[in-house]
Amino acid sequence: MARLSGLQRQVLSLYRAFLRAARNKPSEARSQLEQFVAAEFRRNAIEVDKKDFQTIEYLLRRGNKQLLMLQGTDVNGFTFMEPRCVQQEMGDEIKRNFGCEVQAGNSSTT
């Protein structure tokens, strides 16, 4: 097995810490948390270039802050807001960055 880099070890450690934190939550929230964590890590593994160290370090910092919040006794899960993709003034590139659909031939550069 290949040796892991320092960042890879940090990411794996953060993932395991999230799963351990989810084990301490009520059973109805536990499966949702585990699914959410797995989906977020998978999505970032696909979308973030492995050589984009700045983004990876940012995601690690953000993940550690979220983990601290999740480890709180009165926190049972995450909620998040999806960006609104219907604003006409948003450019196509910004819409793509937020994962919104962009219609072919629609160039909203005003």
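Thresholds, definitions, all that
- Residues numbered from 1 in each chain as written.
- Predicted model: local features only at pLDDT ≥ 70, side-chain atom pairs only at ≥ 80, totals over all residues.
- Heavy atoms only, no water.
- Helix = DSSP H or I, 4+ residues; strand = E, 2+ residues; numbered from the N terminus.
- Buried < 20%, exposed > 50% of the residue type's maximum accessible area, 1.4 Å probe, protein only.
- Contact = heavy atoms within 4.5 Å.
- Axes fitted to C-alpha atoms, helices over the stretch in contact; angles between N-to-C directions.
- Parallel < 35°, antiparallel > 145°, perpendicular 65-115°, else oblique.
- Left-handed = near helix turned anticlockwise from the far one by under 90°.
- Salt bridge = Lys/Arg side-chain N within 4 Å of Asp/Glu carboxyl O.

Novice: Which parts of the structure should I look at to understand the overall build of the chain?
Specialist: Secondary structure summary: the chain contains four helices and zero strands in total. Listed by position from the N terminus, the elements making up the chain come as α-α-α-α. Within the chain, buried positions represent 24% of all 110 residues. Of the contacts formed within the chain by residues at least 6 apart in sequence, a portion of 49% connects residues at least 24 apart.

Novice: Hey, could you run me through the packing of helix α1 (residues 6-23) against helix α3 (residues 53-70) in this one?
Specialist: How two helices sit against one another is set out by the angle between their axes and by the gap between those axes. Two elements in contact, α1 and α3, have axes separated by 10 Å at closest approach and are oriented at 20 degrees. Considered as vectors, α1 and α3 are oriented roughly parallel to each other. Viewed along their axes, α1 and α3 form a crossing whose handedness is left-handed. Together, Leu-7, Gln-10, Val-11, Leu-14, Ala-17, Phe-18 and Ala-21 of α1 and Phe-53, Ile-56, Glu-57, Leu-60, Gly-63, Asn-64, Gln-66, Leu-67 and Leu-70 of α3 make up the contact between the two elements.

Novice: Mind showing me how you'd approach the pattern of salt bridges here?
Specialist: Opposite charge on two side chains permits them to pair, given that their charged atoms come into close proximity. Scanning the entire structure with this criterion turns up two salt bridges. For the salt bridge of Arg-43 with Glu-40, the shortest nitrogen-to-oxygen distance reads 2.9 Å. Of this pair, Arg-43 and Glu-40 both sit in helix α2 (residues 27-47), three residues apart, which is roughly one turn of that helix. For Glu-47, the salt bridge is made with Arg-43, and the minimal N-O distance between the two is 3.0 Å. Here Glu-47 pairs with Arg-43, and both are found in helix α2, just four residues apart, close to one helical turn. Members of the salt-bridge network, linked through shared partners, are Glu-40, Arg-43 and Glu-47.

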